[in-house]
Amino acid sequence: MAAPCFFSRLWRAALALLALGSLAASQIEDQAKQFFRSGHTNNWAVLVCTSRFWFNYRHVANTLSVYRSVKRLGIPDSHIVLMLADDMACNARNPKPATVFSHKNMELNVYGDDVEVDYRSYEVTVENFLRVLTGRIPPSTPRSKRLLSDDRSNILIYMTGHGGNGFLKFQDSEEITNIELADAFEQMWQKRRYNELLFIIDTCQGASMYERFYSPNIMALASSQVGEDSLSHQPDPAIGVHLMDRYTFYVLEFLEEINPASQTNMNDLFQVCPKSLCVSTPGHRTDLFQRDPKHVLITDFFGSVRKVEITTETLSLQRDSQITESSYKEDRMDEELMEPLKYAEQLPVAQIIHQKPKLKDWHPPGGFILGLWALIIMVFFKTYGIKHMKFIF
Amino acid sequence: MAAVGAAATHLDVVRGKRAALFFAAVAILLGLPLWWKTTETYRAPLPYSQISALNALQLRLMVPVTVVFTRDSIPLDDQEKLPFTVVHEREIPLKYKMKIKCRFQKAYRRALDHEEEALSSGSVHEAEAMLAELKEQAEGSLTVYVISEYSSLLPQDMMSYIGPERTAVVRGIMHREAFNIIGRRIIQIAQAMSLTEDVLAAALADHLPEDKWSSDKRRPLKSSLGYEITFSLLNPDPKSHDVHWDIEGAVQHYVWPFLNALSAAGNFSVDSQVYNIDPKAYNASELPVRVEVDMVQVMEVFLAQLRLLFGIAQPQVPPKCLLSGPKNEGLMTWELDQLLWARSVENLATATTTLTSLAQLLGKISNIVIKDDVASEVYRAVAAVQKAAEELASGHLSSAFVASQEAVTSSERAFFDPSLLHLLYFPDDQKFAIYIPLFLPMAVPILLSLVKIFLEMHKSWRKPEKID
């Protein structure tokens, strides 16, 4: 009789202790999160596609998908340097001009209506890329082609194309080595051109490109290890080429779930595209990064969360008699004074676009297909004669 | 016949040997140095030792203070000791590689007649008005007037007063240790008006290994040659609000006086824009209510925020000190001085870091070409840093600030010169791939013939020994 009572009391006490302990732990964890928040005040993105020619459509689609996600999460065009080595949207072989698709059956057009390409076609060279990173740009360069970051900028660098062990091919004629890239990042660090850097690369043997980094505050992700190839995802029969690479395809799907208020962290990004889906083994490098990846939000790099401060002091100025005093005060000002001063979340976060690729409705085959079949049937009957029809029916 | 033939071939052989030796000599003595010289990168000499000396630079910030004693402020025998100069130097404890010392050079003197007259007027504002007409004070310098202990110039409970221009008033004391006591009060006042540890720590915030998440340290704008200020009016509902704001008048009357007071710190340009967020719904009917924005209230907030953005902190006044009301421009003259001190130190720290990084970079990556104009910018930057340090030590704030700006500009120009782009990294296997097809076809015959000659010579040395 006594034993069950005793046990139930013990059980209840244990539960209570557990609850208290978890509450305390979560409070400490909140404080720790506060402490480990990033010290950045602005975000930049440098997105590079290094391949040209129609059959490298997927590299342009990769870059444009990341561009799209980054813009959707808030980084403005003025803070994005987009380098595309070839123009797929207006390529003569594109059956759907002015579009670049990332999902087959043309479900998602990542080209959009407001893409701004900063370095296009033959301007995408190793030299220009390194100039953008290090800031050693000739004075005549327009502002949109510059990376004007400072020591409080978080920069996302995404590169895609054909690569090998220790190099990345640019435009089929030159290459950038991992040592040059590491030196470029070191020069950026020396001049404090970044607060934290996220480097993502989707090429064959991509992990070799981040092996040589030695500057602090860099986190790197790659789509495949040394000795492995990164594979493409799916071809589209109408367009005739592979549309995306696997790693970036799954990264895009992951990013579509993110909105500017998400608390998803980098550890989730590391899990994107496991070997079963990607065939290659994605890798990452965090030893140079000071914060723990589980405290780093995705929006620290992919989004542009602006910090707003509300001040409470004012100066007192003497009214100038020359300015006509107006007695009509704006209604909004009074409202603001009554509410407590806080920066409410003004983005309707819950309604942020969830652009899952929508399935297209079925349409009957177009005129061309009908005509082709009609021609085939006509030739068949011409060859074999109507009288043979009786063998069919 | 055979002997002649043999002699002929022997001659040929000798000629051949001489030719091979000649080829080898030309290749090694002429070719190798030529190839070395033509493939080396041009690097103009840089003052590496001076750049590393900059890191150990000792900055001495001198504030010249003139202390004026009126007749009843101190005991008579102390008055007879005037005029003389007292120096108070203190090192600022910051975890920074450059040592910074603050030096207050106090020049004590007796008051002149017109100053006595001014300081015996009814209120401190009248006194200031009378004193200010007479001379314009240099940037960075201060004047402190010492009045009698029982003077009615200040309210009874106040020991000191800090004015909007570079003047302050302190009560004297009739005591044996008058000079020491008054000296300490003056130092407190002078520090509040010029250099405190906080001002310098904020200036060097980026270079100190402190925690970087305090918003006070992150908020101020970095030192720069110029600033562009844009005032934007957002109207999210132009359908129902027809907003008017007299921005031009407000900028003319409130913003430009403030920016003109700050003009020593940089160039400014101001513009404004209006955002109507719902453009397609903008039609003129009677629904838009006319709204006039009260620009004075708006500018009060904006000027306070501009002060925060420029890093002009709330002054830390010593106890029992009366702080004068702010001027109409919103900026006291000695606050500008504080800003210039902070900016000069920040500029020098930035320039030094840039030059040191450049030197490290050029040392590490040996392939970078250093052109002459880059080298001259570096020399100019080093000279400007040294000049700025000298000017700071002698108390000339405005020329020190200008020199520090020049140092930053030159060092940045040198660091970001487009010609410094290093694209000359060749992995070893690529180097072999380039040189082997060029040099091997030429080198192999020469080497083989040299080896053959050497072996033959060796044999011919041996032969006489054998015979003997």
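The rules we used
Residues numbered from 1 in each chain as written. Chains lettered and ligands numbered in written order. Predicted model: local features only at pLDDT ≥ 70, side-chain atom pairs only at ≥ 80, totals over all residues. Heavy atoms only, no water. UniProt positions renumbered as here; feature names shortened; annotations may be inferred. Helix = DSSP H or I, 4+ residues; strand = E, 2+ residues; numbered from the N terminus. Buried < 20%, exposed > 50% of the residue type's maximum accessible area, 1.4 Å probe, protein only. Contact = heavy atoms within 4.5 Å. Areas by Shrake-Rupley, 256 points an atom, 1.4 Å probe, with all protein chains shown as cover. Lys, Arg positive; Asp, Glu negative; His and termini not counted. Charge placed at Lys NZ, Arg CZ, Asp CG, Glu CD. Polar contact = N/O pair within 3.5 Å; in protein donor to acceptor, adjacent residues only side chain to side chain. Pairing = 2+ DSSP bridges. Axes fitted to C-alpha atoms, helices over the stretch in contact; angles between N-to-C directions. Disulfide = S-S within 2.5 Å. Buried area = accessible area lost by both parts, 1.4 Å probe. Salt bridge = Lys/Arg side-chain N within 4 Å of Asp/Glu carboxyl O. Left-handed = near helix turned anticlockwise from the far one by under 90°. Nonpolar A, V, L, I, M, F, W, Y, C, P; charged D, E, K, R; others polar. Phe/Tyr/Trp six-rings, centres within 6.5 Å; stacked < 30°, edge-to-face > 60°. Lys NZ or Arg CZ within 6 Å of the ring centre and 35° of its normal. Expected span 1.5 Å × (residues − 1). pLDDT = per-residue confidence, 0-100. Core = buried A, V, L, I, M, F, W, Y, C linked by side-chain atoms within 4.5 Å.

- For chain A, an unreviewed UniProt entry supplies the name GPI-anchor transamidase and the organism Nannospalax galili.
- Listed in UniProt under the heading Pathway (unreviewed entry), the comment for chain A reads: "Glycolipid biosynthesis; glycosylphosphatidylinositol-anchor biosynthesis."

## What to know about the overall build of chain B
Here's step 1: Secondary structure summary: chain B contains 14 helices and 11 strands in total.
Here's step 2: With the C-alpha coordinates of chain B rotated into their principal frame, the extents come out at 135 × 85 × 40 Å.
Here's step 3: Here chain B, with 468 residues, has 43% of them falling under the buried criterion.
Here's step 4: For chain B, contacts bridging at least 24 residues in sequence account for 79% of all contacts bridging at least 6.
Here's step 5: In the structure as shown, chain B presents an accessible area of about 24,900 Å², 60% of it carried by carbon and sulfur atoms.
Here's step 6: Both charge centroids of chain B, one from 46 positive and one from 55 negative side chains, sit 14 Å from each other.

## As for the side chain of Ser 151 of chain B
All names here are of chain B.
Here's step 1: Here Ser 151 shows up in the loop between strand 4 (142–147) and strand 5 (160–162).
Here's step 2: For Ser 151, the side chain forms a polar contact with the main-chain nitrogen of Leu 153, separated by 3.0 Å.
Here's step 3: Once residues lying within four places of it in the same chain are set aside, the contact partners of Ser 151 are Gln 156 and Arg 171.

## Some words on the UniProt feature "active site" (unreviewed entry) in chain A
All names here are of chain A.
Here's step 1: The feature "active site" (unreviewed entry), as given by UniProt, occupies His 162 and Cys 204 in the numbering adopted here. Considering the C-alpha atoms alone, the annotated residues occupy 43 residues of sequence yet fold into one spot, their largest mutual distance being 6.4 Å.
Here's step 2: Relative to the helices and strands, His 162 resides in the loop between strand 4 (153–160) and strand 5 (163–164).
Here's step 3: According to the relative accessible area criterion, His 162 is partly exposed, its value standing at 26%.
Here's step 4: If sequence neighbours within four positions are ignored, His 162 has contacts with Thr 50, Ser 51, Asn 56, Arg 58, His 59, Leu 168, Lys 169 and Thr 203.
Here's step 5: Within the structure, the side chain of His 162 is placed 2.9 Å from the side chain of Asn 56, a separation counted as a polar contact.
Here's step 6: Mapped onto the secondary structure, Cys 204 falls in the loop between strand 8 (196–202) and strand 9 (218–222).
Here's step 7: Discounting residues that sit within four places of it in the chain, Cys 204 has contacts with Gly 163, Gly 164, Ser 224, Glu 228, Asp 229 and Ser 230.

## Notes on the sheet that holds strand 8 of chain A
Residues and elements named next belong to chain A.
Here's step 1: Strand order in this open sheet of seven strands is 3-2-1-4-8-9-10, and the pairing throughout is mixed. The sheet is open, and its two borders are formed by strand 3 (119–120) and strand 10 (283–285), each paired with just one other strand.
Here's step 2: Alignment of strand 1 (residues 42–49) against strand 4, held across eight bridges, turns out to be parallel. Residue pairing in the sheet places Cys 49 in a bridge with Thr 160 of strand 4.

## Regarding the sheet that holds strand 7 (residues 174–177) of chain A
Residue and element names in this part refer to chain A.
Here's step 1: Overall, antiparallel pairing links the three strands, which are arranged 5-6-7 in an open sheet. For this open sheet the edge positions go to strand 5 and strand 7, each flanked by a neighbour on one side alone.
Here's step 2: As defined by bridge partners, strand 5 adjoins strand 6 (residues 167–170) across two bridges and the pair is classed as antiparallel. When the bridges of strand 6 are listed, Gly 164 appears paired with Phe 167.
Here's step 3: Seen against the sheet, helix 3 (residues 126–134) touches strand 6 and strand 7 and runs at an angle of roughly 35 degrees to strand 7.

## So, the state of the cysteines
Residues and elements named next belong to chain A.
Here's step 1: Across all of its chains, the model carries one disulfide over all chains by this definition.
Here's step 2: A sulfur-sulfur separation of 1.7 Å characterises the disulfide bridge that pairs Cys 273 with Cys 278. One disulfide, between Cys 273 and Cys 278, carries an S-S torsion of 95 degrees and so falls in the right-handed class. Residues Cys 273 and Cys 278 agree in their burial class; the two are buried.

## Concerning the interface of chain A and chain B
Here's step 1: In this assembly, 47 residues from chain A lie in contact with 50 residues from chain B.
Here's step 2: For the pair chain A and chain B, the summed buried surface comes to about 4,600 Å²; carbon and sulfur atoms form 56% of the total.
Here's step 3: The largest contributions to the chain A side of the interface with chain B come from Arg 136, Leu 315 and Leu 317 of chain A, which together make up 17% of the buried area.
Here's step 4: In this assembly, chain A and chain B are joined by two salt bridges.
Here's step 5: On inspection of chain A and its partner chain B, the count reaches eight residue pairs in polar contact (both at pLDDT 80 or more).

## A look at the packing of helix 2 (residues 48–55) of chain B against helix 12 (residues 372–393) of chain B
All names here are of chain B.
Here's step 1: In the contact formed by helix 2 and helix 12, the axes pass within 11 Å of each other and the chain directions differ by 35 degrees. For the pair helix 2 and helix 12, the sense of crossing is left-handed. Facing helix 2, whose interface residues are Gln 50, Ile 51 and Leu 54, helix 12 presents Val 378, Val 382, Val 385 and Gln 386.
Here's step 2: For the contact of helix 2 with helix 12, the per-class residue count stands at five nonpolar, two polar and no charged.

## Quick word on the pairing of strand 6 (residues 167–171) of chain B
Residues and elements named next belong to chain B.
Here's step 1: Summarising burial for strand 6: five of the five residues are buried, a large majority.
Here's step 2: Of the two faces of strand 6, the one carrying Thr 167, Val 169 and Arg 171 and the one carrying Ala 168 and Val 170 are both buried.
Here's step 3: Bridge count between strand 4 and strand 6: five bridges; the pairing is parallel. Each bridged residue has a counterpart across the sheet, and for Val 144 the counterpart in strand 6 is Ala 168.
Here's step 4: Direction of pairing for strand 5 relative to strand 6: antiparallel, over a ladder of three bridges. Counterpart to Tyr 161 in the pairing with strand 6 is Val 169.
Here's step 5: Between strand 5 and strand 6, which pair antiparallel in sequence order, lie four residues.

## What about the packing of aromatic side chains?
Here's step 1: Per the stated rule, a full pass over the model turns up 24 aromatic pairs over all chains.
Here's step 2: Geometrically, the ring pair formed by Trp 35 of chain B and Trp 36 of chain B is edge-to-face, given 6.0 Å between the ring centres and 65 degrees between the ring planes.
Here's step 3: Using a relative accessible area of 57% as the deciding quantity, one classes Trp 36 of chain B as exposed.
Here's step 4: Site record: aromatic cluster; members linked through ring pairs are Trp 35, Trp 36, Tyr 435 and Phe 439 of chain B.
Here's step 5: Across from the ring centre of Phe 415 of chain B, 5.0 Å away, lies the NZ or CZ of Arg 136 of chain A, which sits over that ring.

## Topic: helix 11 (residues 333–364) of chain B
Here's step 1: The first and last C-alpha atoms of helix 11 of chain B sit 46 Å apart over 32 residues, in line with the 46 Å expected at 1.5 Å per residue.
Here's step 2: Taking burial as the measure, the 32 residues of helix 11 of chain B include 27 buried ones, the bulk of the element.

## Observations concerning the confidence of the model for chain B
Residues and elements named next belong to chain B.
Here's step 1: Averaged over every residue, the pLDDT of chain B is 84; the share at 70 or more is 92%.
Here's step 2: Highest mean pLDDT in chain B belongs to helix 12 (94); lowest belongs to helix 8 (residues 215–218) (58).
Here's step 3: Interface confidence for the predicted complex, expressed as ipTM, amounts to 0.77; the pTM equals 0.76.

## Looking at helix 10 (residues 295–309) of chain B
An α-helix turns once per 3.6 residues; consequently, residues spaced three or four apart project the same way.
Here's step 1: The terminal C-alpha atoms of helix 10 of chain B, which comprises 15 residues, lie 20 Å apart, in line with the 21 Å expected from a rise of 1.5 Å per residue.
Here's step 2: Here helix 10 of chain B has its buried residues at Met 295, Val 296, Val 298, Met 299, Glu 300, Leu 303, Ala 304, Leu 306, Arg 307 and Leu 308 of chain B.

## Things to note about the nonpolar core
Here's step 1: Membership of the largest hydrophobic core comes to 111 residues, with the highest contact counts inside it found for Val 65, Phe 69, Leu 94, Ile 100 and Met 299 of chain B.
Here's step 2: If near-sequence neighbours (up to four positions away) are discounted, Leu 94 of chain B is found in contact with Ile 100, Leu 200, Ala 201, Leu 204 and Leu 208 of chain B.

## Some details on the pattern of salt bridges
Here's step 1: Enumeration according to the criterion identifies 26 salt bridges over all chains in this entry.
Here's step 2: Between Arg 290 of chain B and Glu 292 of chain B there is a salt bridge, with its nearest N and O atoms 2.7 Å apart.
Here's step 3: On the accessibility criterion, Glu 292 of chain B (24% relative accessible area) is partly exposed.
Here's step 4: As a salt-bridge pair, Arg 413 of chain B and Glu 377 of chain B come within 3.1 Å of each other at their nearest N and O atoms. Of this pair, Arg 413 of chain B sits in helix 13 (residues 397–415) while Glu 377 of chain B is found in helix 12, placing the two residues 36 residues apart along the sequence.
Here's step 5: Linked by salt bridges that have partners in common, Lys 71, Asp 77 and Asp 114 of chain A make up one network.

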